[in-house]
Amino acid sequence: MEIKILQPNDFHHHLRDKELLHFNVKHCFNKFRNVIVMPNLIPPIITIHQALNYRKRINKYNIKNGNPLMTLYLNENINIEDIRKFKYYPEMIGIKYYPKNVTTNSQNGINNIKNIFFILKIMLLNDLRLIYPEIILFFGALMILIYGIFSSNDEKSIKNIFYLTIFGLFFSLYFALTFDQFNIYGFNKLILNTHFSQFFKVLILLGSIIVCFISYNYFNHLGILKSEYFFLILLSCLGIIIMISSSSILSMYIGLELHSICLYILAAYRKDYLKS
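These remarks concern the structure in this document. Source: prediction; values computed, not measured.

Direction vectors running N to C along helix H6 (residues 155-178) and helix H8 (residues 227-245) enclose 10 degrees, while the axes themselves pass 9 Å from each other. By the angle class used here, H6 and H8 are roughly parallel. Remark: the crossing between H6 and H8 carries left-handed chirality. Here Ile158, Ile161, Phe162, Thr165 and Leu169 of H6 lie close against H8, whose contacting residues are Ser227, Phe230, Leu234 and Cys237. Class assignment for the residues of the contact of H6 with H8 results in seven nonpolar, two polar and no charged.

The structure is reproduced here in structure tokens:
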């Protein structure tokens, strides 16, 4: 029996530059396949353009066809547009934070973290745009749950919850249809937006709207329509959409569990019916 050890990855490597680059690249890619390259050169790598040029210099000596993954040096003068466009470059992997004067070539690092809060906010909001439909469904379900707790189960309250559900689904559908950036990742590659995922998001949301309209009259006629029904519909829809957008086993598992738990409860919604 023969066991082969796969070529490992290195998630923190200093290749340096100029006369040291040839030596470091040669020895690095003799051992490693994927390498995250640190950006603390002189001057530091603070733009995507600089990072891609540095990658070209690395690949001049990369005879083993290793894969250098590039990073930016987090700096108060970092280009905001580069942060917004970061996810469109598969060669880019992250942005490195250096506290000022604590390690090699960190004199351009961060002296006060409060000075970069606006940059961190942009980085966060950049990912949030990917999941606007999911956010709307989540908060819609939360509002329905709270409204249902503090209201009676009379016809007027149920109708208000029905309208809130339909509004949430249409609002989520609007953001799913109008998001026009494709083949981009979010949340450390947990979520991926493609034409495929967008198509099925729209399909699921339209299907959920139709189901709500059909089931409202049906359950209302049976006299068993309650606010938690619409809460479960929205959460189940949210779970499916997370699964559709997932690019990781972790995000797929979260979506699957959320969807399946709600479906188990919905399947037994008619307590007086033998099949339920």
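Right, let's talk about unusual backbone geometry for a bit. Phi is mostly negative for residues that are not glycine, and the peptide bonds are mostly trans. The step from isoleucine 42 to proline 43 runs through a cis peptide bond, and the omega angle for that step is -5 degrees. Phi is positive for asparagine 65, which is not a glycine, with a value near 55 degrees. Not every positive phi belongs to a glycine, and asparagine 101 is a case in point at roughly 60 degrees. With respect to the helices, strands and loops of the structure, asparagine 101 is situated in the loop between strand S4 (92-96) and helix H4 (117-128). On the accessibility criterion, asparagine 101 (57% relative accessible area) is exposed.

Quick notes on the rules
Residues numbered from 1 in each chain as written. Predicted model: local features only at pLDDT ≥ 70, side-chain atom pairs only at ≥ 80, totals over all residues. Heavy atoms only, no water. Axes fitted to C-alpha atoms, helices over the stretch in contact; angles between N-to-C directions. Helix = DSSP H or I, 4+ residues; strand = E, 2+ residues; numbered from the N terminus. Parallel < 35°, antiparallel > 145°, perpendicular 65-115°, else oblique. Left-handed = near helix turned anticlockwise from the far one by under 90°. Contact = heavy atoms within 4.5 Å. Nonpolar A, V, L, I, M, F, W, Y, C, P; charged D, E, K, R; others polar. Buried < 20%, exposed > 50% of the residue type's maximum accessible area, 1.4 Å probe, protein only.

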